[in-house]
Amino acid sequence: MTLDSPDAPQPLHLEAAAGVSIAYHKTPGKSPMVVFLGGFMSDMTGTKAMALENWAKSRGQAYLRFDYRGHGASSGRFEDCTIGMWADDARAVVDRLGAGTLILVGSSMGGWVALLTALARPTRVAGLLLIAPAIDFTGELMWDQFPAEAREALRRDGVWRRPSAYSEAPYPITMKLIDDGKRHFLMGAPIGFAGPVRILHGMDDPDVPWRRSLALADRLTARDVRLTFVKDGEHRLSRPQDLALLCGAVEELCDSAA
């Protein structure tokens, strides 16, 4: 679900690399700056991103939302992109647009990208909020679960078009995405982030099993890790009560980092 209206302000663009234009919206305000990192084939006009922007404006909090390359209003084709490229985009955004201390909010795939960003910029990131974090999903949630015909198509053609519950058009999954994902896996070793981490996960999530968040909490070296499970919550956690949980958790992280 996207919430930007036709008369909403147009996004600005950051030239993150040669030929790569990243679309973003930046809300001025006090530190720490909250940065929203969206999910796989999602964009910065989604319900959670916009709810956080409204929350940030209401309390004068600095806020930044953006589209990875191949997503939304940014340049590039989705099927040409990889986890490493999207992590590069996130680092470019926080390096060139982020001000001072940061709180990263990562949804689904954005949880993986948020962790990669925090590990790359440990002195900048003061806290993490991860929503149904899909850490290492290209392996355990994709390749390991794909039917034999999908793996055969990927090896033969380099791409398989996966049906999606969130879109009429199937998602193009590429062998390039699968292979690159392996280079960024985190769950095989301790994850050395020291700041506070909050994790929200719906227990009716059909895409990312909630027990994966328990495993993630075990891997994190941080001591201040809190998990909130929503028994009737699904993957998106975008209902009003879910958004209230989201904004409350971000507010707590901001207050502790101020």
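Look up a bit, the structure's there.
Every chain begins its residue count from 1, and numbering advances along the sequence as written. Reporting in this predicted model follows two pLDDT cut-offs: at least 70 for local features of residues, and 80 or more for side-chain atom pairs to be given and counted; totals over whole chains, interfaces and linings ignore these cut-offs and use all residues. For the side-chain quantities, the full set of heavy atoms in the structure was used; hydrogens and water were omitted.

### Observations regarding the overall build of the chain
Thinking step 1. Numbering goes from the N terminus for both helices and strands, where a helix is a DSSP run of H or I of at least four residues and a strand is a run of E of at least two. On a plain count of helices and strands, the chain comes out with 8 helices and 10 strands.
Thinking step 2. It is over C-alpha atoms that the radius of gyration is taken, and the globule rule equals 2.2 Å times the number of residues to the power 0.38. Here the C-alpha atoms of the chain give a radius of gyration of 17 Å, agreeing with the 18 Å that 2.2 N^0.38 yields for 258 residues.
Thinking step 3. Seen through its C-alpha atoms, the chain measures out along the principal axes to roughly 50 × 40 × 35 Å.
Thinking step 4. For the exposure calls, accessible area comes from a 1.4 Å probe over protein chains only, and a residue counts as buried if that area is under 20% of its type's maximum, exposed if over 50%, partly exposed in between. Within the chain, buried positions represent 55% of all 258 residues.
Thinking step 5. When charges are tallied, Lys and Arg are placed among the positive residues and Asp and Glu among the negative ones, while His and the ends of the chain are skipped. For charged residues, the charge sits on one atom: NZ in Lys, CZ in Arg, CG in Asp, CD in Glu. Measuring between centres, the 29 positive side-chain charges of the chain sit 4 Å from its 31 negative side-chain charges.

### Section: empty space enclosed by the protein
Thinking step 1. A 1.4 Å probe that fits but cannot get out identifies a cavity on a 1 Å grid over protein atoms alone, an open set with protein on both sides within 12 Å along at least five of seven lines counts as a pocket, and a residue lines either if it has an atom within 4 Å of a point. Grid points are joined across faces, edges and corners, and a volume is the space filled by probe spheres set on the points. Scanning all chains against the criterion turns up 1 cavity of 30 Å³ or more.
Thinking step 2. Taken as a whole, the largest cavity spans an internal volume of roughly 30 Å³.
Thinking step 3. Lining of the largest cavity is provided by G38, G39, S42, D43, M44, F66, D67, Y68 and H71.
Thinking step 4. Residue classes in the lining of the largest cavity are distributed as 3 nonpolar, 4 polar and 2 charged. Under the scheme applied, nonpolar residues are Ala, Val, Leu, Ile, Met, Phe, Trp, Tyr, Cys and Pro; charged residues are Asp, Glu, Lys and Arg; polar residues are all the others, including Gly.

### Considering the pairing of strand β5 (residues 102–107)
Thinking step 1. Of all 6 residues in β5, 6 are buried, a share of seventy percent or more.
Thinking step 2. Of the two faces of β5, the one lined by L102, L104 and G106 and the one lined by I103, V105 and S107 are each fully buried.
Thinking step 3. A pair of strands is labelled paired if DSSP reports no fewer than 2 bridges between them. As defined by bridge partners, strand β3 (residues 30–37) adjoins β5 across 5 bridges and the pair is classed as parallel. Looking at β5, one finds that L37 is bridged to G106.
Thinking step 4. Sheet analysis places β5 next to strand β6 (residues 125–131), joined by 6 bridges and oriented parallel. The residue of β6 that forms the bridge with L104 is L128.

### Some thoughts on the packing of aromatic side chains
Two aromatic rings, taken as a pair, are described by how far apart their centres are and by the angle between their planes.
Thinking step 1. Centres within 6.5 Å make a pair out of two Phe, Tyr or Trp rings, where for Trp the six-membered ring is used; the pair is then stacked when the planes are under 30 degrees apart, edge-to-face when over 60, and tilted otherwise. For the structure shown, the criterion picks out 11 aromatic pairs.
Thinking step 2. Here the aromatic rings of F40 and F137 are separated by 5.4 Å at their centres, their planes lie at 70 degrees, and the arrangement is edge-to-face. With a gap of 97 residues between them, F40 in the loop between β3 and α1 (47–59) and F137 in helix α4 (residues 137–142) connect regions that are remote in the sequence. Judged on exposure class, the residue F40 and its partner F137 are both buried.
Thinking step 3. When the ring of W112 is compared with that of F185, the centres are 6.2 Å apart and the planes differ by 35 degrees; the resulting orientation is tilted. Here W112 is found in helix α3 (residues 109–120), whereas its partner F185 is found in the loop between α6 (175–182) and β9 (197–202), with 73 residues between them in sequence.
Thinking step 4. With relative accessibility at 0%, the residue W112 sits in the buried group.
Thinking step 5. The structure contains a cluster of three or more aromatic residues connected by ring pairs, namely F40, F66, Y68, F78, W86, W112, F137, Y171 and F185.

### Some points on the layout of surface pockets
Thinking step 1. Looking at the largest pocket, its volume works out to about 930 Å³.
Thinking step 2. Looking at the largest pocket, it is lined by 41 residues, and the ones nearest its centre are F40, S42, Y166, Y171 and H235.
Thinking step 3. Listed by contribution, the elements that provide at least two residues to the lining of the largest pocket are α1 and α4.
Thinking step 4. The class makeup of the residues in the lining of the largest pocket is 20 nonpolar, 16 polar and 5 charged.
Thinking step 5. Taken as a whole, the second largest pocket encloses approximately 160 Å³ of empty space.
Thinking step 6. Elements with a minimum of two residues in the lining of the second largest pocket: β2 (20–27) and α1.
Thinking step 7. Looking at the lining of the second largest pocket, the element that brings in the most residues is β2, giving 4 residues.
Thinking step 8. Each residue belonging to the lining of the second largest pocket can be placed in one class, and the counts come to 5 nonpolar, 3 polar and 5 charged.

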